[in-house]
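The residues making up each chain are set out below.
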Amino acid sequence: MNTLVPIDWYYPLYLNLCFFLVLFTLLHTMLLDINDKKNLTYINAVGYLLLFLLIVHIGQRPASHRFGDTINYYRTFMEYYNGAPITTVNDYGWHVFMKTMSGVSSIHTFFTICAFIYVFPMYRISKEFFKEYWYYAFFMFIISYSFWTYGVNGMRNGAACSLFLWGVVYRNNKMLMAFFFLLASLFHKTTLLPIFAFILTLFYNNPKVYFKAWLACIPLSLALGSLWVSLFANLGFGDDQRLAGYLTSQAEEGTFSQTGFRWDFLFHSCFAVFAGWYFVFKKKFKDKMYFQLLNTYLTCNGFWILVINANYSNRFAYLSWFMMAIIIIYPLLKERFFKNHHLMIGKIMAVYFSFTFFMYYLFWG
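Residues numbered from 1 in each chain as written. Predicted model: local features only at pLDDT ≥ 70, side-chain atom pairs only at ≥ 80, totals over all residues. Heavy atoms only, no water.

Per the secondary structure count, the chain includes 17 helices and zero strands. By residue count, 57% of the 365 residues in the chain fall in the buried class. Taking the intrachain contacts of the chain between residues at least 6 apart in sequence as the baseline, contacts between residues at least 24 apart amount to 77%. (Helix = DSSP H or I, 4+ residues; strand = E, 2+ residues; numbered from the N terminus. Buried < 20%, exposed > 50% of the residue type's maximum accessible area, 1.4 Å probe, protein only. Contact = heavy atoms within 4.5 Å.)

What follows is the structure, encoded as structure tokens:
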């Protein structure tokens with residue numbers, strides 16, 4: 001366990017490190033070409049260091065209620081350590097994993113392995129798609145608004161969604177892709193939504209239709225919000241009463257999971273929607289893999305919009321938000337769209353991070 005960092009400084013340390021790196025990366029985009037040897041040396045050195053530090057920082061945190069559900073994972077781990085059997089049938093793969101780890105590791109080793117499962121696939125997919133420019137995509141994942149929350153609070157959901165990303169890496173090897181998709185669904189059943197959405201793009205991949213469907217979800221939610229909440233709750237979303245409870249239970253006063261139509265979250269979701277529209281329709285960017293990622297995002301985000309009035313709907317928002325970074329940065333690392341393209345990448349990263357930064361210091365702080 002990391003005892004060097006006071007518990008109150010865990011998140012601010014991560015956030016301010018990102019702030020420093022955003023500024024330093026922006027400076028590099030102002031002074032150097034993206035292919036400059038100095039720039040490539042910098043982004044690779046910083047990228048690998050950041051990958052290592054984040055896994056250790058997240059994994060070696062104290063088992064405290066200050067990190068949300070971390071304390072509940074700790075309690076379950078200790079129950080398994082003391083010999084308790086697996087009694088739940090929901091997310092059975094996760095509990096088998098936790099039970100197995102409780103017999104061979106300490107709680108902080110377990111947290112660190114979970115942090116690896118969460119962070120490494122973000123590096124892996126960035127390296128696979130963007131080669132020597134992987135740092136920009138990986139860093140976009142790291143500075144996302146939901147990154148920290150699903151590393152220390154919604155650990156199971158975060159790990160499952162990262163396993164989905166790992167599966168996408170093996171898009172040309174259907175057996176391996178299916179293995180990671182299955183593993184993701186066994187960790188957290190909600191990942192069946194992005195899995196089915198991605199599989200759908202293998203058969204139909206027209207962004208124009210997906211955009212229209214996403215837009216239609218907004219008036220449908222405003223007009224019939226309670227209907228969609230009841231419908232998906234009754235379906236149980238994979239026959240999981242816990243997930244149905246997210247839709248119907250009452251949120252505690254003052255929590256992040258407040259009720260009502262979340263225009264602020266919809267605005268946040270639109271970052272990726274606008275980026276997709278801009279590059280696909282305005283800049284005529286054509287890339288089959290990008291279309292698949294974008295259409296998967298639109299499908300999952302559209303589902304969330306339909307149940308946006310539900311308590312704890314942020315649990316479903318993450319099923320699209322975890323892809324937001326790659327949706328925004330992908331075209332910029334594949335083609336040059338602007339005269340000073342490298343600087344534009346730096347500016348977009350700075351604007352994207354500003355939402356995370358100011359939400360903490362102005363809204364939550």
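And the narrative resumes.
To continue, consider helix 13 (residues 263-282). When the local axis directions of helix 13 are compared, the greatest deviation, roughly 35°, occurs at C270. The set of residues buried in helix 13 consists of F265, L266, H268, S269, A272, V273, A275, G276, Y278, F279 and V280. (Bend = angle between axes of the 7 residues up to and from the residue.)

What follows covers the packing of aromatic side chains. The full count for this structure, using the stated rule, is 59 aromatic pairs. Aromatic pair F279 and F337: ring centres 5.1 Å apart, planes at 45°, arrangement tilted. Taken together, the residues span a long stretch of sequence, with F279 in helix 13 and F337 in the loop between helix 16 (324-329) and helix 17 (341-364) at a distance of 58 residues. Given a relative accessible area of 4%, F279 falls into the buried group. For F337, a relative accessible area of 13% gives the class buried. (Phe/Tyr/Trp six-rings, centres within 6.5 Å; stacked < 30°, edge-to-face > 60°.)

This part is about the side chain of T201. Following the sequence through the fold, T201 ends up in helix 10 (residues 192-201). With relative accessibility at 2%, the residue T201 sits in the buried group. At 2.4 Å, the side chain of T201 and the backbone oxygen of F198 are in polar contact. Side chain to side chain, T201 and Q292 meet in a polar contact 3.1 Å long. When residues no more than four places from it in sequence are discounted, the contact partners of T201 are Y210, Q292, N295 and T296. (Polar contact = N/O pair within 3.5 Å; in protein donor to acceptor, adjacent residues only side chain to side chain.)

Ranked by size, the top nonpolar core spans 126 residues in total, and within it W94, F110 and I142 carry the most contacts. In terms of residue count, helix 5 (residues 107-130) provides more of this core than any other element does, 14 residues in total. Other than its neighbours up to four places away in sequence, F110 contacts F77, W94, F97, M98, M101, S105 and M155. (Core = buried A, V, L, I, M, F, W, Y, C linked by side-chain atoms within 4.5 Å.)

Tracing the sequence through the fold places Q60 in the loop between helix 2 (37-59) and helix 3 (70-81). Remark: the alpha-carbon pair of Q60 and F110, spanning 50 residues in sequence, is separated by 9.3 Å. A distance of 3.5 Å separates a polar side-chain atom of Q60 from the backbone oxygen of H108.

A separate point is the packing of helix 5 against helix 8 (residues 155-169). At a minimum axis distance of 8 Å, the contact between helix 5 and helix 8 shows a crossing angle of 30°. With respect to each other, helix 5 and helix 8 are oriented roughly parallel. Like other packed secondary-structure pairs, helix 5 and helix 8 cross with a definite hand, here left-handed. Between helix 5 and helix 8, the contacting residues are F110, F111, C114, I117, Y118, F120, P121, M122, R124, I125, E128 and F129 on the first element and M155, G158, A159, S162, L163, L165, W166, V168 and V169 on the second. Considered class by class, the residues forming the contact of helix 5 with helix 8 number 17 nonpolar, two polar and two charged. (Axes fitted to C-alpha atoms, helices over the stretch in contact; angles between N-to-C directions. Parallel < 35°, antiparallel > 145°, perpendicular 65-115°, else oblique. Left-handed = near helix turned anticlockwise from the far one by under 90°. Nonpolar A, V, L, I, M, F, W, Y, C, P; charged D, E, K, R; others polar.)

With that settled, the discussion passes to the layout of surface pockets. Of the pockets and cavities examined, the second largest pocket occupies roughly 310 Å³. What lines the second largest pocket is C270, F271, F274, A275, Y278, F279, I328, F338, K347, I348, V351 and Y352. Looking at the lining of the second largest pocket, the elements that each hand over two or more residues are helix 13 and helix 17. Here the element with the most residues in the lining of the second largest pocket is helix 13; it accounts for six residues. Looking at the lining of the second largest pocket residue by residue, the classes come out as 11 nonpolar, no polar and one charged. (1 Å grid on protein atoms, 1.4 Å probe; cavity = no way out; pocket = protein on both sides within 12 Å on 5 of 7 lines; lining within 4 Å. Points joined across faces, edges and corners; volume = space filled by probe spheres on them.)

Quick look at the side chain of R156 now. Relative to the elements of secondary structure, R156 occurs in helix 8. Residue class for R156 comes out buried when judged on its relative accessible area of 13%.

Turning next to helix 2. Owing to its 3.6 residues per turn, the α-helix aligns residues three or four sequence positions apart on the same side. The end-to-end C-alpha distance of helix 2 is 33 Å, a good match for the 33 Å that 23 residues give at a rise of 1.5 Å each. Buried residues of helix 2: N39, Y42, I43, V46, G47, L50, L51, L54, I55, H57, I58 and G59, and no others. Of the residues flanking the start of helix 2, the one acting as N-cap is D36, its side-chain oxygen 2.8 Å from the backbone nitrogen of K38. (Expected span 1.5 Å × (residues − 1).)

Next up on the list: the pattern of salt bridges. Evaluated as defined, the whole model comprises five salt bridges. With a closest N to O distance of 3.6 Å, R336 and D33 form a salt bridge. Taken as a pair, R336 in the loop between helix 16 and helix 17 and D33 in the loop between helix 1 (10-31) and helix 2 lie far apart in primary sequence, 303 residues in all. Put simply, R124, E128 and R171 are held in one network by salt bridges that share partners. (Salt bridge = Lys/Arg side-chain N within 4 Å of Asp/Glu carboxyl O.)

Another aspect to go through is the state of the cysteines. Taken as a whole and assessed by the stated rule, the structure comprises zero disulfides. Cysteine C161 shares no disulfide, and the gap to the nearest cysteine sulfur, in C300, comes to 8.6 Å. Its relative accessible area of 0% is what places C161 among the buried residues. (Disulfide = S-S within 2.5 Å.)

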